[in-house]
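# Breakdown of the fold
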Amino acid sequence: MMTFALHRSVLTALVFMGETALVAAQHVQLPVRDVQLSDAPADVWTIGAIEGADWEMFSGIRSVAFDRSDNLHVLDGQNLRVLVFDAAGRYQRQFGSRGGGPGEFQAPVSMTVLANDEVVVNDLGNRVWIIFDPSGAFVRSVPHHQSVGMPLGTMHAHPLGILSRAAPVGRGPDAAPGEVSVFIQPLVPNAAPITLLGIPAPPPQVIDRSSGDGERRIASIRMDPVFGSRPSYGALPDGGVALHADTEYTVRVVDRAGGPVRTITRAIEPRQVTEEDREQWQERQRSGEGISGSTIAVRVDAGAGSRSVSIGGAGGGARQPAGGPAMTFDLANTPFAETMAVVTGLRTDPAGRIWVQRRAADATDAGPIDLITAAGHYIGTLPPQPLPGAISASGLAAYVERDEHGVERVAVRRLPAGWM
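Rules used throughout
- Residues numbered from 1 in each chain as written.
- Predicted model: local features only at pLDDT ≥ 70, side-chain atom pairs only at ≥ 80, totals over all residues.
- Heavy atoms only, no water.
- Helix = DSSP H or I, 4+ residues; strand = E, 2+ residues; numbered from the N terminus.
- Buried < 20%, exposed > 50% of the residue type's maximum accessible area, 1.4 Å probe, protein only.
- Contact = heavy atoms within 4.5 Å.
- Areas by Shrake-Rupley, 256 points an atom, 1.4 Å probe, with all protein chains shown as cover.
- Pairing = 2+ DSSP bridges.
- Axes fitted to C-alpha atoms, helices over the stretch in contact; angles between N-to-C directions.
- Phe/Tyr/Trp six-rings, centres within 6.5 Å; stacked < 30°, edge-to-face > 60°.
- Lys NZ or Arg CZ within 6 Å of the ring centre and 35° of its normal.
- Salt bridge = Lys/Arg side-chain N within 4 Å of Asp/Glu carboxyl O.
- Polar contact = N/O pair within 3.5 Å; in protein donor to acceptor, adjacent residues only side chain to side chain.
- Core = buried A, V, L, I, M, F, W, Y, C linked by side-chain atoms within 4.5 Å.

### Quick look at the overall build of the chain
- In terms of regular secondary structure, the chain is built from one helix and 33 strands.
- Looking at the chain residue by residue over its 420 residues, the buried ones come to 55%.
- Long-range pairs, those at least 24 residues apart, make up 52% of the contacts in the chain between residues at least 6 apart in sequence.
- If you sum the accessible surface of the chain, you get close to 17700 Å²; carbon and sulfur atoms cover 51% of it.

Below, the structure written as C-alpha cells:
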C-alpha cells in the first residue's frame, strides 16, 4: 500500500492499492495555455415534461447510460423505475417497481449498463446491486459487500464488474471518521471489492427531528465541504481507471488492480476560499439552485430499525427520503473548505478520453472542460458547460438538466467531430 500526499494546504491522503503500487508512475505535465474547442454539440432529441405520458415525466433522475445500440437508459429515482429510449428518442419500455422482492427497488441511487447490455442498479434501500438483462427482466441480485459502507456514488461499467464510490455510515458525532473509497465491485456473491482510492470522510453532523406521530428520529449527515475536492473517477476501455481526489489539478491513471500507471497534472494553482465566496454560495442556495456539487449521505435511525438515503446529485436540489419528509439544512452550519479545488468533476468515455471539469471563474462547478487521453495527450478545452451524464461509443452525449420551469429532462446531443 502506498500513500501519496496530495494537498499542500489541505491534509488529505490518496491511497493506491495493488501489487504494482511501488512502481513509479509516469508523470505528464499538460500545457499551461488552453487550446479552445469552439464547436458545440448538436441537439438530437430531448425527453421530459411537466405534463404528458407517464414515461416522459421524471422525478429525481439519478443516472443515465447508453448501451451498445445507443439506447438510453434513465434511472427515474423517485418513481422507482428504469426507462429505455432508442437512439431516436422513442420510448421503448420501463422496468422496476417499489418493494423488497426480486427486481424491486426501495432507494435506487445509481445505474449503469455493462458491456453485454445488462443493466445494473444500486438499490441502497435493499443494499443490493440488481442486475437486469437487456429486456429489463430480473437476472440476480448481489448484496453489498460487508466492507462497503454506503455505496452512493456514480456507478460506471468496468470489465471486472462496476466502478463506484462509498462513504462510511456514521451514527453520530462520536463515530469513527472512516474513509470515502472508490472501488471496483465484481458482480458475484461475496466477492470483495477492489479498493482503488481512500480519503478521510467528512465528519458526520447530527440532526434531530420528530415524525408526525411523535416518534423521535436522529439523522446523521455527512456532507462534502463546499468548494473542496470530491473524488471523481471513470473507467477506461483497458480496465484502468482515471481518478481525481486533489485540491490541485492531478489526474491519476491506475490499472485494474489499483497500481499507478500515470499522473497527469496541470499548473493551475488553487486559491483560498473567501468570505465572499461563502456568501455567494449561500445566496445561490436561497435562490433555489439546490445543494450544488455536494454528495450528502444521510442515515436515519428510528426505533429498532434504520434506513439510509442520499440527497443531492444529477438533476440538482435536495431529495426527499423515501417514506419520510425532506431534510432541512441550516446554511449557516454548512461546512466549507479552506482551499478551493481546481477540478470539480471527471468523466471518461468509450474511446478512453478523460473529461476534466475545472471550476468556473465565479466559483461554480460547471467551468471549462479539458479533454485529454489516458496517455496524457491534451486535445483541447471546451467552454464552460456541464459534464455529460453519459457518452456513447458513436458520439452521443446525454445531459441531465432542467428547463426554464424547473422540469427535469434529458437532452441528447451529437458531439462535434473535433472533440472526438
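After that view, the rundown keeps rolling.
### Regarding the sheet that holds strand E14 (residues 161–166)
- Taken in spatial order, the four strands make up an open sheet running E13-E14-E15-E16, and their pairing is antiparallel. Of all the strands in the sheet, the pair left with one neighbour each is strand E13 (156–158) and strand E16 (194–200). Adjacent strand axes in the sheet meet at a mean angle of 20° when their direction is disregarded.
- Where strand E15 (residues 179–185) lies against E16, six bridges are found, and the strand directions are antiparallel. Across the sheet, residue Phe-183 finds its bridge partner in E16, namely Thr-195.

### Side note on unusual backbone geometry
- The residue Leu-80 is not glycine, and still its phi comes out positive at about 55°.
- As for its position among the elements, Leu-80 is in the loop between strand E6 (72–76) and strand E7 (81–85).
- Classification of Leu-80 as buried rests on a relative accessible area of 6%.
- Non-glycine residue Ala-363 carries a positive phi angle of around 75°.
- Mapped onto the secondary structure, Ala-363 falls in the loop between strand E28 (353–358) and strand E29 (369–373).
- A residue is classified by how much of its surface remains accessible, and Ala-363, at 3% relative accessible area, is buried.

### Points about the pairing of strand E12 (residues 138–143)
- Note: strand E11 (residues 128–132) against E12, five bridges, orientation antiparallel. Each bridged residue has a counterpart across the sheet, and for Phe-132 the counterpart in E12 is Phe-138.
- Between E11 and E12, which pair antiparallel and follow one another directly, the connecting turn spans five residues, one of which, Gly-136, has a positive phi of 100°.

### Quick notes on the sheet that holds strand E3 (residues 26–29)
- As summarised here, the arrangement of the five strands in space is E3-E22-E21-E20-E19, forming an open sheet in which the pairing is mixed. Two strands lie at the open edges of the sheet, namely E3 and strand E19 (232–235), each paired on one side alone. Neighbouring strand axes in the sheet, compared pairwise and without regard to direction, differ in orientation by 20° on average.
- Here E3 runs beside strand E22 (residues 260–265); their pairing, made up of four bridges, is parallel. In the sheet register, Val-28 faces E22, and the bridge partner there is Ile-264.

### Some points on the packing of aromatic side chains
- As enumerated under the stated definition, the model contains 10 aromatic pairs in all.
- A ring pair is formed by Trp-45 and Phe-85, whose centres lie 6.1 Å apart and whose planes are at 45°; its orientation type is tilted. Residue Trp-45 is located in strand E4 (residues 42–47), and its partner Phe-85 is located in strand E7; the two are separated by 40 residues in the primary sequence. Just as Trp-45 is buried, Phe-85 falls in that class too.
- When the ring centre of Tyr-378 is taken as origin, the NZ or CZ atom of Arg-266, which lies over that ring, is 5.0 Å away.
- Residue placement shows Arg-413 over the ring face of Tyr-399; its charged tip is 5.0 Å from the ring centre.

### Thoughts on the pattern of salt bridges
- Counted by the stated rule, this structure contains 17 salt bridges.
- Between Arg-90 and Asp-86 there is a salt bridge; the shortest N-O distance is 2.8 Å.
- Close ionic contact of Asp-370 with Arg-266 constitutes a salt bridge, the shortest N to O distance being 3.0 Å. In this pair, Asp-370 sits in strand E29 while Arg-266 sits in the loop between E22 and strand E23 (271–272), placing the two residues 104 residues apart along the sequence.
- Among the residues examined, Arg-266 registers a relative accessible area of 3% and is labelled buried.
- Sharing partners across several salt bridges, the network here consists of Asp-34, Arg-266, Arg-358 and Asp-370.

### Some remarks on the side chain of Glu-401
- Counting through the fold element by element, Glu-401 comes out in strand E32 (residues 396–402).
- Classification of Glu-401 as buried rests on a relative accessible area of 19%.
- Within polar-contact distance, the side chain of Glu-401 engages the side chain of Arg-413 at 3.3 Å.
- Filtering out sequence-adjacent residues up to four positions away, Glu-401 remains in contact with Val-407, Glu-408, Arg-409, Ala-411 and Arg-413.

### So, the environment of Pro-203
- Checked against the element boundaries, Pro-203 lands in the loop between E16 and strand E17 (205–210).
- In the structure, Pro-203 is positioned 19 residues away from Arg-222 in sequence and 6.3 Å away in space, judged by C-alpha atoms.

### Brief notes about the nonpolar core
- Membership of the largest hydrophobic core comes to 16 residues, with the highest contact counts inside it found for Leu-30, Tyr-249, Val-251, Ile-264, Ile-354, Val-356 and Ile-372.
- Elements supplying a minimum of two residues to this core: strand E21 (250–254), strand E27 (343–348) and E28.
- Excluding residues within four positions of it along the chain, Ile-354 makes contact with Leu-236, Ala-242, Val-251, Val-253, Leu-346, Arg-347, Thr-348, Asp-370, Leu-371, Ile-372, Thr-373 and Ala-374.

### Comments concerning the side chain of Arg-347
- Locating Arg-347 in the fold gives a position in strand E27.
- Separated by 2.6 Å, the side chain of Arg-347 and the backbone oxygen of Pro-388 make a polar contact.
- Separated by 3.1 Å, the side chain of Arg-347 and the backbone oxygen of Gly-389 make a polar contact.
- Residues within four places of Arg-347 in sequence aside, it is in contact with His-156, Arg-353, Ile-354, Trp-355, Pro-388, Gly-389, Ala-390 and Ile-391.

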